[in-house]
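Spelled out, the chains give:
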Amino acid sequence: MLWLAALAATPLISEHRFTQLCRAAVACKRPLELRGRRVVLSEAVKVQRQDNLTIHGPGRIDGSGHSVVQVEGTGPGLSLIDVDLRHVPSNDRTEKRSLGACVFCRGRGAVRLERCRVTSEAGFGLWLVQRSRAVLRECEIIDPGRTAVAVFNVAKVDVSKSTITGGDPHGVCARGEAYVAIRDSRVVGAADRACYAYMSARLDLARTEVSANDPSAAAIQVEALRPGDASRLVLDDVVVSEATRGRGVSVAGKVSVTLEG
C-alpha cells in the first residue's frame, strides 16, 4: 500500500537520540526541530521541574508507554507545534486503570498544542489531573479508546479552533473543580456524551458544534448532585448537531446556567 511505503520512507530518529535531543533543547533553550522525521518511543517523553521544551514539526511521535508525553513540575512545560502524536496499546498495560493517555499532564504541569493531531488506540487522548493546565489551538483529537479530553481535580483546559472526534464514553469530561473552555470548535461523535461535567466543574462552550450517539443521554450534561457541589455551564451560540441521537442539554442539581449570544 502507498501509505505503508510512505511510512517506511519516513526518516526515523532513535529513541535514545530523541531523548538526547530533548535534553539538549531544554539546556540550550531552543526548539527541537523534527523536520519531517518520526520517533517511536517505548517510554514517555517527560517534561519535569522547571523544564521548558518546545518541539516543532512537521513530524510524528509514536509511543507505547503509559503516555506519549508526560508533563509535570512548575516550569513553562511542553509546547508541541505541527506534531502528529499516536499512542498505541501495550501488552504490559491491559487493565483499564493503566491504559494511559496520548498526552498526560499532572501536578502543576503545562502543555500547549498547536496544529497537532492526537490519538490513543486504548487510552485517553488528553488527560489532565491535579493543578495541570493545557491549551489547544487548531488541533484534532481523533477517536481515542477512552474519553477524548479528561480533566480532573482542579485542572484547566482551553480549546479553540479545534475538532474533538469520538471518545468512549465522552468527548470531554470535567470532574471535581476542573474548568473546560471550548470555543470555535467541534466536539462530535462521542459514544455517550459530547461534554459531561459533574461535581463542581465549570464548562464554557462558545460557537461550538456538539453531537453524541447515546439515545438515552444528552450531548451536553452537567450535574452537581452531592452536598456541597456547585457546577457552572455557560453556553454561547452552541449548535447541537442533527446527528445527536439523544437530548441536547441536560442539567441536574446545583448547576448555574448562563446563556449568552
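Residues numbered from 1 in each chain as written. Predicted model: local features only at pLDDT ≥ 70, side-chain atom pairs only at ≥ 80, totals over all residues. Heavy atoms only, no water.

## Some points on the pattern of salt bridges
Alright, step 1. One pass over the structure, following the stated rule, counts 13 salt bridges.
Alright, step 2. Here Arg38 ties to Asp62 by a salt bridge, and the two come within 3.1 Å at their closest N and O atoms. A residue pair is termed long-range when its members are at least 10 positions apart, and Arg38 in strand S3 (residues 38-41) and Asp62 in strand S5 (residues 52-63) qualify at 24 residues.
Alright, step 3. The buried category is assigned to Arg38, whose relative accessible area is 17%.
Alright, step 4. Across the pair Glu114 and Arg112 runs a salt bridge, and its minimum N-O distance is 2.7 Å.
Alright, step 5. Taken together, the shared-partner salt bridges connect Arg38, Arg60 and Asp62 into one network. (Salt bridge = Lys/Arg side-chain N within 4 Å of Asp/Glu carboxyl O. Helix = DSSP H or I, 4+ residues; strand = E, 2+ residues; numbered from the N terminus. Buried < 20%, exposed > 50% of the residue type's maximum accessible area, 1.4 Å probe, protein only.)

## Brief notes about the packing of aromatic side chains
Alright, step 1. According to the stated counting rule, one finds four aromatic pairs in the structure shown.
Alright, step 2. Consider the rings of Phe104 and Trp127, whose centres lie 4.8 Å apart with planes at 40°: the pair is tilted. With Phe104 in strand S8 (residues 101-105) and Trp127 in strand S11 (residues 124-128), this residue pair connects regions lying 23 residues apart in the sequence. Residue Phe104 shares its accessibility class with Trp127, and that shared class is buried.
Alright, step 3. Ring geometry for Phe124 versus Trp127: centroids 5.0 Å apart, planes at 55°, classification tilted.
Alright, step 4. Taking the relative accessible area as the measure of exposure, Trp127 reaches 15% and is therefore buried. (Phe/Tyr/Trp six-rings, centres within 6.5 Å; stacked < 30°, edge-to-face > 60°.)

## Some points on the confidence of the model for the protein
Alright, step 1. For the protein, per-residue confidence averages 93 on the pLDDT scale, and residues scoring 70 or more make up 93% of the total.
Alright, step 2. Predicted confidence is poor over residues 1-7, with pLDDT under 50, and the contacts of this stretch with residues over four places away or in other chains come to two contacts. (pLDDT = per-residue confidence, 0-100. Contact = heavy atoms within 4.5 Å.)

## Topic: the environment of Arg232
Alright, step 1. As for its position among the elements, Arg232 is in strand S24 (residues 231-236).
Alright, step 2. Sequence spacing of Arg232 and Leu21 is 211 residues, and the spatial spacing of their C-alpha atoms is 43 Å.
Alright, step 3. Residues within four places of Arg232 in sequence aside, it is in contact with Ala201, Arg202, Leu203, Ser256 and Thr258.

## Here's the deal with the pairing of strand S6 (residues 67-71)
Alright, step 1. Most of S6 sits inside the fold, with five of its five residues counted as buried.
Alright, step 2. Across three bridges, the pairing between strand S4 (residues 45-47) and S6 is parallel. Opposite Val45, over in S6, you have Val69 as the bridge partner. (Pairing = 2+ DSSP bridges.)

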